[in-house]
Amino acid sequence: MEAVNPHWNDILTVTGLNEAIRELLEDRFAFVRVRGEISDCHEPASGHVYFALIDGQSRVRCVVWRGTRKRLAQPAQNGLKVVVTGRLALYPPRGEYQLVVESMQGDGQGEARARLLALHARLAAEGLFAPERKRPVPFFPGAIGIVTSATGAALQDVIRILSDRGPGYHLILAPARVQGEGAAEEIVGALGRLIRDGRADVIICGRGGGSAEDLAVFNDERVVRAIAASPVPVISAVGHEIDLTLTDMVADLRAPTPSAAALLVIPEKAVLEERIRILSRGLRQGLLRLVTSRNERLDRLTSRLLHPRRRIEQYRFQCDALEERLRHAAGLLLQRRRPLLHGLRQRLDPWPWGRGLPPYRLRIEQARKRLAQELQRTIQRKADALTALDARLHGVSPLAILQRGYAIVYDETGKIRQRIGAIRPGDSVVIRLADGFLDATITQTRKHSS
């Protein structure tokens, strides 16, 4: 073993360096107390407990040996903020150091877990985790979108499962980082690209297993709201079994791993074949029932169908029967009306010689005379009015003026000329008198002297 404090120019082996660091750590930090939050806690079959102690910026690996575990006042649990007491130890083969925990006390709930619980409560109050929001996943989607790392094992697992299930699947990858700084923005962006693309019938969003810090992005509020707002059903496939993430709660369906999500998306070939057989059998049976039903109805209609000649004969018989009934009804009606007619005739016959008719005749004659007199007076009034109108019309007629010795002069175009200035010597004119017309030529014009 090399010296613990080698000279500055000594060349050490890797093992020697690790041994030197181990002695320094174990001597310098033989007793330490550290406050932090438990994360990535797991218990293998050996009975030891392994976890990481974090404070938001750094982490340190811790181990609780099986014998010490029984003496702990506070059991290790993810999300708990604790104060641990122990010593630092380095494992030379891997060059990693860890804190060997001797005792542990609770220091309240971890800040990260408190923030997660507060976010969960707020989103639950908005109804984002409500069961009625969840939509069914298509039975056999035409295209499957996936948001995960392009280089991760999760993508290869999904491709392998889908290839085994059905070689005709169509997978659309929207690559994104699934841990670390900026992962939330990339996942939200990848979901947006798949939605805008419009081809995916269902989206798988997830990654393989990892520590609580590795899976923290799936508790990010931006990712949770992006999944909630997706118009396409989303399957959350984060590879862990211990705790649920918020994306598991908001997604339409939760799968424990990406491989399980692939199994949920594409049904097994045998299941599909069995369903096809069931549907085919049901289709054949339904078609057979339909054909049988239609044949029975056709037979019933055929039995009720008559030859047109027979139908015409039936209608002819019906017409004859109706005609006979009409004749009989008319005869009965005539017989019932005959006594009434006889009585009316007997009442009408005495009128020309009875006492009731002369008064009516006198009234009719008087009314006729009054009508004739009123008509004569009306005609006379209208005639008088017509004579008066004729006299008035005659008084304003130009022809009446001609009777008094005046004349009307027309030029060659037929217009009446009233002024001497409109006629020149040599013009032809027509002069209208009371009893005819004169054709004349103007030889001279003279104006009245004023």
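Residues numbered from 1 in each chain as written. Predicted model: local features only at pLDDT ≥ 70, side-chain atom pairs only at ≥ 80, totals over all residues. Heavy atoms only, no water.

A. Structural context of the overall build of the chain. Looking only at helices and strands, the chain has twelve helices and 13 strands in total. In terms of overall dimensions, the chain is more spread out than a globule: its C-alpha atoms have a radius of gyration of 60 Å, far above the 22 Å expected for 450 residues. Based on the C-alpha atoms only, the size of the chain along its principal axes is roughly 170 × 105 × 50 Å. Scored against the burial criterion, the 450 residues of the chain give a buried share of 28%. Total accessible area on the chain stands at roughly 31,200 Å², and carbon and sulfur atoms take up 56% of it. Separation of charge centres in the chain, based on 68 positive and 50 negative side chains, amounts to 20 Å. (Helix = DSSP H or I, 4+ residues; strand = E, 2+ residues; numbered from the N terminus. Rg over C-alpha atoms; globule rule 2.2 N^0.38 Å. Buried < 20%, exposed > 50% of the residue type's maximum accessible area, 1.4 Å probe, protein only. Areas by Shrake-Rupley, 256 points an atom, 1.4 Å probe, with all protein chains shown as cover. Lys, Arg positive; Asp, Glu negative; His and termini not counted. Charge placed at Lys NZ, Arg CZ, Asp CG, Glu CD.)

B. Expanded view of the pairing of strand E6 (residues 144-148). Among the five residues in E6, five count as buried, and that is most of the element. Two strands pair when backbone bridges link them, and E6 and strand E7 (residues 171-175) are joined in this way by five bridges, in the parallel orientation. Bridged to Thr 148 within E7 is Pro 175. Pairing geometry for E6 and strand E8 (residues 202-207), over four bridges, is parallel. Opposite Ile 146, over in E8, you have Ile 204 as the bridge partner. (Pairing = 2+ DSSP bridges.)

C. Region of interest: the sheet that holds strand E12 (residues 428-433). Across the sheet, three strands lie side by side as E11-E12-E13; this open sheet has antiparallel pairing. Either end of the sheet is taken by a strand with one partner, and the two such strands are strand E11 (408-410) and strand E13 (436-441). Within the sheet, the average angular offset between the axes of one strand and its neighbour, ignoring direction, is 25°. Alignment of E12 against E13, held across six bridges, turns out to be antiparallel. The residue bridging Ile 431 from the neighbouring strand is Leu 438, located in E13. (Axes fitted to C-alpha atoms, helices over the stretch in contact; angles between N-to-C directions.)

D. Looking closely at the packing of helix H5 (residues 183-197) against helix H6 (residues 221-229). Here H5 crosses H6 at 10°, and the two axes come no closer than 9 Å. Taken together, the axis directions place H5 and H6 in an arrangement best described as roughly parallel. Of the residues in H6, those touching H5 at Ala 184, Glu 185, Ile 187, Val 188 and Leu 191 are Arg 222, Val 223, Ala 226 and Ile 227. Residue composition of the contact of H5 with H6, by class: seven nonpolar, no polar and two charged. (Parallel < 35°, antiparallel > 145°, perpendicular 65-115°, else oblique. Contact = heavy atoms within 4.5 Å. Nonpolar A, V, L, I, M, F, W, Y, C, P; charged D, E, K, R; others polar.)

E. Here's a closer look at the state of the cysteines. By the definition in use, this model includes zero disulfides. Left unpaired, Cys 41 is separated from the closest cysteine sulfur, that of Cys 62, by 10 Å. Relative accessible area serves as the criterion here: at 1%, Cys 62 is assigned to the buried category. (Disulfide = S-S within 2.5 Å.)

F. Representation of a nonpolar patch on the surface in the model. A contiguous nonpolar surface patch, about 260 Å² in accessible area, is contributed by Leu 287, Leu 290 and Val 291. Among the structural elements, Leu 287 can be located in helix H9 (residues 269-304). (Patch = residues over 30% accessible without salt bridge, like charges linked within 9 Å, V, L, I, M, F, W, Y side chains within 5 Å. Salt bridge = Lys/Arg side-chain N within 4 Å of Asp/Glu carboxyl O.)

G. Summary view of the nonpolar core. Formed by 33 residues in total, the largest nonpolar core has its most connected members in Val 147, Ile 187, Ile 203 and Ile 227. Where this core is concerned, the elements lending two or more residues are helix H3 (111-125), E7, H5, E8, H6, strand E9 (234-238) and helix H7 (246-250). The dominant element in this core, judged by the number of residues it contributes, is H5, at six residues. Apart from residues lying up to four places away in sequence, Val 147 is in contact with Ala 174, Ala 176, Ile 187, Ala 190, Leu 191, Leu 194, Ile 203, Ile 204, Cys 205 and Gly 206. Counting 19 residues, the second largest nonpolar core, distinct from the first, contains Leu 25, Val 32, Ile 38 and Phe 51. (Core = buried A, V, L, I, M, F, W, Y, C linked by side-chain atoms within 4.5 Å.)

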